[in-house]
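# Results of the structural survey
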Amino acid sequence: MWAELLPVGRSSASGGYRRYAWTGADADCRAWFEEQAAARGLSYEVDRNGNQWAWLGDPAAGDAVVIGSHLDSVPDGGAFDGPLGVVSSFAALDELRGRGAEFTKPVAIVNFGDEEGARFGLACVGSRLTAGRLTVADAHRLTDADGVSLPQAMEAAGYDPDAIGPDPERLARIGAFVELHVEQGRALDLTGDPVGVASAIWPHGRWRFDFRGEANHAGTTRIADRRDPMLSYAGTVLAARREAEDAGAVATFGKISVEPNGVNAIPSLVRGWLDSRAADQDTLDAVVGGIEKAARTYAEAHGAGLDVVRESFTPVVEFDHALRDEVARILGKDTGLTVPVLGTGAGHDAGILSGSIPTAMLFVRNPTGVSHSPSESADEDDCVAGVRALADVLEGLACR
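Here we summarise the structure given alongside this text. Every value quoted in this text rests on a predicted model; they were computed, and no experiment measured them.

Here is what the cut-offs are and how they apply
- Each chain has its residues counted from 1, running along the sequence as written.
- With the structure being a predicted model, the display of local features is reserved for residues of pLDDT at least 70 and the display and counting of side-chain atom pairs for 80 or more, all residues being used for whole-chain, interface and lining totals.
- The side-chain quantities take in all heavy atoms of the structure and omit both hydrogens and water.
- When DSSP locates at least two bridges between a pair of strands, those strands are taken to pair.
- The way it works is that DSSP assigns letters per residue, a run of H or I at least four long becomes a helix, a run of E at least two long becomes a strand, and they are numbered from the N terminus.
- Axis lines are fitted through C-alpha atoms, for helices just across the contact stretch, and the angle between N-to-C directions can take any value from 0 to 180 degrees.
- A pair of cysteine sulfur atoms is labelled a disulfide when the two atoms are within 2.5 Å.
- Each residue gets one of three labels from its accessible area relative to the maximum for its type: buried under 20%, exposed over 50%, partly exposed in between, using a 1.4 Å probe on protein chains only.
- Asp and Glu count as negative and Lys and Arg as positive, but His and the ends of the chain are not part of the count.
- The rule for a salt bridge is simple: a side-chain nitrogen of Lys or Arg has to be within 4 Å of a carboxyl oxygen of Asp or Glu.
- Here a polar contact is recorded for every N or O atom pair within 3.5 Å, except that within protein the pair must consist of a potential hydrogen donor and a potential acceptor, and residues adjacent in sequence are included only if both atoms are side-chain atoms.
- Working rule for contacts: check all heavy atoms of both residues, and any pair within 4.5 Å makes them a contact.
- In this scheme Phe, Tyr and Trp rings, the latter by its six-membered ring, pair at centre separations within 6.5 Å, and the angle between planes marks the pair as stacked below 30 degrees, edge-to-face above 60, and tilted otherwise.
- Should the NZ of a Lys or the CZ of an Arg lie within 6 Å of a ring centre and within 35 degrees of the ring normal, that charge is described as sitting over the ring.
- For the purposes of this section, nonpolar cores are sets of buried Ala, Val, Leu, Ile, Met, Phe, Trp, Tyr and Cys residues that join through side-chain atoms within 4.5 Å.
- In a left-handed crossing the near helix is turned counterclockwise from the far helix by less than a right angle, and in a right-handed crossing that turn is clockwise.
- In this count, Pro and Cys sit with the nonpolar residues alongside Ala, Val, Leu, Ile, Met, Phe, Trp and Tyr, while Asp, Glu, Lys and Arg are called charged and the others, Gly among them, polar.

Below, the discussion takes up the sheet that holds strand β9 (residues 250–259). Taken in spatial order, the four strands line up as β9-β11-β7-β12 in an open sheet, and their pairing is antiparallel. Single-partner strands in this sheet number two, and they are β9 and β12 (305–314). Pairwise comparison of adjacent strand axes, ignoring direction, gives a mean angle of 15° for this sheet. Strand direction decides the pairing type here: β9 and strand β11 (residues 269–277), joined by nine bridges, are antiparallel. Of the residues in β11, the one forming a bridge with Val 250 is Arg 277.

By the definition in use, this model includes zero disulfides. The thiol of Cys 124 is not disulfide-bonded; the next cysteine sulfur, from Cys 29, is found 17 Å away. Cys 124 sits in the buried class, given a relative accessible area of 4%.

Another aspect to go through is the side chain of Asp 349. Locating Asp 349 in the fold gives a position in helix α12 (residues 349–353). For the buried Asp 349, which has no salt bridge, the nearest side chain bearing the opposite charge is Arg 128, at an N-O separation of 7.7 Å. At 2.7 Å, the side chain of Asp 349 forms a polar contact with the side chain of Ser 127. In contact with Asp 349, not counting residues within four places along its chain, are Ser 69, His 70, Phe 112, Glu 115, Cys 124, Ser 127, Phe 177 and Glu 179.

All chains considered together, the criterion is met by twelve aromatic pairs. Relative to Phe 177, the ring of Phe 112 has its centre 5.8 Å away and its plane inclined at 80°; by these criteria the two rings are edge-to-face. Taken together, the positions of Phe 112 in strand β4 (residues 107–112) and Phe 177 in strand β5 (residues 174–182) put the pair 65 residues apart, joining distant regions of the chain. Here the two residues Phe 112 and Phe 177 agree in accessibility, since each one is buried. Measuring from ring centre to ring centre gives 6.3 Å for Phe 209 and Phe 211, while their planes differ by 25°; the resulting arrangement is stacked. Accessibility assignment for this pair places Phe 209 and Phe 211 in one class, buried. Aromatic rings pair up to connect Trp 32, Phe 33, Tyr 44 and Phe 90 into one cluster. Taking NZ or CZ as reference, Lys 255 lies 4.6 Å from the ring centre of Trp 273, over its face.

With that settled, consider the nonpolar core. Note on soluble globular proteins: their nonpolar side chains tend to be buried together. In this structure, Trp 32, Phe 33, Phe 90, Val 178, Val 327, Leu 331 and Leu 362 are the most contacted members of the largest nonpolar core, which totals 51 residues. It is helix α13 (residues 380–398) that contributes the most residues to this core, nine residues altogether. Setting aside its immediate chain neighbours within four residues, Leu 331 contacts Val 197, Val 339, Leu 362, Ala 389, Asp 392 and Val 393. Judged by nonpolar contacts, the second largest core, of 25 residues, contains Val 110, Leu 188, Ile 357 and Phe 363.

In this section: the packing of helix α11 (residues 321–332) against α13. Contact geometry for α11 and α13: axes closest at 9 Å, N-to-C directions at 115°. Note on packing geometry: the crossing formed by α11 with α13 is right-handed. Listed contacts from α13 to Leu 323, Glu 326, Val 327, Ile 330 and Leu 331 of α11 are Ala 389, Asp 392, Val 393, Gly 396 and Leu 397. When grouped by side-chain class, the residues that make up the contact of α11 with α13 number seven nonpolar, one polar and two charged.

This paragraph deals with the pairing of strand β15 (residues 359–364). Of all six residues in β15, six are buried, a share of seventy percent or more. Going residue by residue along β15, you find Thr 359, Met 361 and Phe 363 tucked away on one face and Ala 360, Leu 362 and Val 364 tucked away on the opposite face as well. Sheet topology note: the β5/β15 ladder contains six bridges and is parallel. Paired with Val 178 across the bridge in β15 is Ala 360. With three bridges joining them, strand β6 (residues 195–201) and β15 adopt antiparallel strand pairing. Looking at β15, one finds that Val 195 is bridged to Val 364.

Time to look at the pattern of salt bridges. Applying the stated criterion across every chain yields a total of 24 salt bridges. Note that Arg 99 and Glu 395 form a salt bridge whose closest N and O atoms lie 2.8 Å from each other. With Arg 99 in helix α3 (residues 83–99) and Glu 395 in helix α13, this pair connects stretches of sequence that are 296 residues apart. With a relative accessible area of 27%, Glu 395 lands in the partly exposed category.

Written as structure tokens, this is what we have:
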């Protein structure tokens, strides 16, 4: 399975992946998922929001145990973020069938659409729509860098954009959702454990900073006469680093758009996107507030205007304690070991769904901690340990 997915959406230039929602690479990933479901005799369906489901047993029976993740990527992302969870889910089902396990509950494997938000700028679109965390009107307003709207992209890919929206009936069938994911950090590498259990997801969000100045000639305009928004942006980037460092949080300007974007032109607009995360809400508010205050000071000093727009936000997610503790108990019952329980600054579909159904997460060790990069990795032995752990959890939750 892993070998089949590796070439899909891979850039020969960067070695990273460009599996964006509703593109050809996304379609290839979706076809792969459907093929895996068919090969195992699972019932396959696509829900109203474009999420893919492969069912063992009757979904209408209720109290289903669902495992899975996503197959899309960030720009030039790594091979493991998302796909490891989906591949491991199919492998875990194979493992349980090999053990002769008898299922007492329906089981499903899911691929949530557009988790990374690389194309339309909002993460977890598929799960947000399903859980009612994204309105249909707001979804229809999402556009990519080329001005293509989400409905247009879905329709071009053969899906009905008029059908999207909350799906409470589907969620009511689910008793638990467990998502396996490569760890995006080095906590497990530092403790020496191949697998861990998530405790919580830090509150996090994305903010757009629009610095507006005056376009002019780079070779003839005196420094004193310039209203250069790039200076305000540059100062704000450095301020973000200071604010985050002082607070023990993270803040990153990782995307920028410049107009008119000419080598010999002073910009009229510099638009930068801030991603910030912290262990608690008060800290996050203080960090983002400090960054915005610094940005306004720099903008005023350089004669630039500034608009700040919060484009997305996810509050702190405490995973269901009973399910989390049961997952840890299942994993530790045969070995007697205490499975590490750790928080994360990365958002996931399991976090979005946690307000609607009990959710939990397993992490697989990442030896370098690098993620959202072509150099993202996990050792094969650790991936196998993740599959066995997920199989154990599925057996404990859905079998006799």
